[in-house]
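Fold and contact review
Spelled out from the first residue to the last, the chains are:
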Amino acid sequence: QVQLVESGGGLVQPGGSLRLSCAASGIIFSRYAMGWYRQAPGKQRALVAAITNGDTTDYADSVKGRFAISRDNAKNTVYLQMNSLKPEDTAVYYCNANRRTYGLDYDYWGQGTQVTVSS
């Protein structure tokens, strides 16, 4: 069974930092691209950051320069370091694992972790 388990969310003040973790099981982790998405109340789920199995990264413009995604294949874990947090970053953050091979799409999601940025 595939499982993605997020942790590290919580309440932080504007300007603060937080590190999210996502531990994966049931997949060959090194073969998957990993991503962090977020969904604020009343809004669509949107990509925050992604990292390929070759360690190439991509970020949403709104978080570029503030967030950093990384992965540790030995631990089957992907991280999202969030710095200089803003109230607009408040959302449920979801971990995603994706692999596309010969037109087949393998896509998995975690349950999410709440991040609240407020004074």
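Residues numbered from 1 in each chain as written. Predicted model: local features only at pLDDT ≥ 70, side-chain atom pairs only at ≥ 80, totals over all residues. Heavy atoms only, no water.

1. Let's talk about the nonpolar core
Filter applied, for reference: Among the buried residues, those of types Ala, Val, Leu, Ile, Met, Phe, Trp, Tyr and Cys that are joined through side-chain atoms within 4.5 Å form a nonpolar core. For every residue, the accessible area obtained with a 1.4 Å probe (protein chains only) is divided by the maximum for its type, and the residue is called buried under 20%, exposed over 50%, and partly exposed between those limits. A run of H or I in DSSP counts as a helix once it spans at least four residues, and a run of E counts as a strand once it spans at least two, with each numbered from the N terminus. Any two residues having at least one pair of non-hydrogen atoms within 4.5 Å are treated as being in contact.
Core analysis: the largest hydrophobic core is formed by 29 residues, its most contacted members being Met34, Trp36, Val78, Leu80, Met82 and Tyr93. If you list the elements that add at least two residues to this core, you get β3 (18–25), β4 (33–39), β5 (46–51), β7 (67–72), β8 (77–82), β9 (91–101) and β11 (113–117). For Met34, the residues in contact, after removing those within four places along its chain, are Leu4, Phe29, Ala49, Ala50, Ile51, Ile69, Arg71, Val78, Cys95, Asn96 and Ala97.

2. Some thoughts on unusual backbone geometry
Phi angles above zero are rare outside glycine, and Asp55 is one such case at about 70°. Mapping Asp55 onto the fold places it in the loop between β5 and β6 (57–59). Here the phi dihedral of Asn76 falls at roughly 50°; this positive angle occurs in a residue that is not glycine. Along the polypeptide, Asn76 turns up in the loop between β7 and β8.

3. Some details on the packing of aromatic side chains
The description of an aromatic ring pair rests on the distance of the ring centres and on the angle between the ring planes. To keep it simple, the criterion reads: Each aromatic pair joins two rings of Phe, Tyr and Trp (for Trp, the six-membered one) with centres within 6.5 Å, and gets the label stacked for planes under 30 degrees apart, edge-to-face for over 60, and tilted for any other angle. For a ring to carry a charge above it, either NZ of a lysine or CZ of an arginine must fall within 6 Å of the ring centroid while also lying within 35 degrees of the normal to the ring plane.
For the structure shown, the criterion picks out two aromatic pairs. Geometrically, the ring pair formed by Tyr32 and Tyr108 is tilted, given 6.3 Å between the ring centres and 50° between the ring planes. Of the two residues, Tyr32 is situated in the loop between β3 and β4 and Tyr108 in strand β10 (residues 104–109); the sequence distance between them amounts to 76 residues. Judged by relative accessible area, Tyr108 falls into the partly exposed class, the value being 27%. Between Tyr37 and Trp109, the ring centres sit 4.9 Å apart and the planes meet at 65°, which makes this aromatic pair edge-to-face. Of the two residues, Tyr37 sits in strand β4 while Trp109 sits in strand β10, which places them 72 residues apart along the sequence. The exposure class assigned to Trp109 is partly exposed, which follows from its relative accessible area of 34%. The ring of Tyr94 carries the charged tip of Arg45 above its face, separated from the ring centre by 3.7 Å.

4. Description of the state of the cysteines
For the record, the criterion: For this text, the term disulfide refers to a pair of cysteine sulfurs within 2.5 Å.
Inspection of every chain in the model, using the stated rule, returns one disulfide. Put simply, Cys22 and Cys95 are joined by a disulfide, and their sulfur atoms are 2.1 Å apart. Where Cys22 bonds to Cys95 through sulfur, the torsion about that S-S bond is close to -85°, and the disulfide is left-handed. With Cys22 in strand β3 and Cys95 in strand β9, this residue pair connects regions lying 73 residues apart in the sequence. Each of the two residues, Cys22 as well as Cys95, counts as buried.

5. A word on the sheet that holds β7
By definition, the strands of a sheet pair up through backbone hydrogen bonds, in either a parallel or an antiparallel sense. Short version of the rule: Whether two strands pair comes down to DSSP finding at least two bridges between them. Helix axes use the C-alpha atoms of the stretch in contact, all axes being lines fitted to C-alpha atoms, and the angles between their N-to-C directions lie in the range 0 to 180 degrees.
What the four strands build is an open sheet, ordered β1-β3-β8-β7; its pairing is antiparallel. Two strands lie at the open edges of the sheet, namely β1 (3–7) and β7, each paired on one side alone. Geometrically, the sheet is characterised by an average inter-axis angle of 15° between neighbouring strands, direction not taken into account. In terms of strand pairing, β3 meets β8 through six bridges, oriented antiparallel. Within β8, the residue paired with Leu20 across the bridge is Leu80.

These results come straight from atomic positions and should not be treated as a statement about function.
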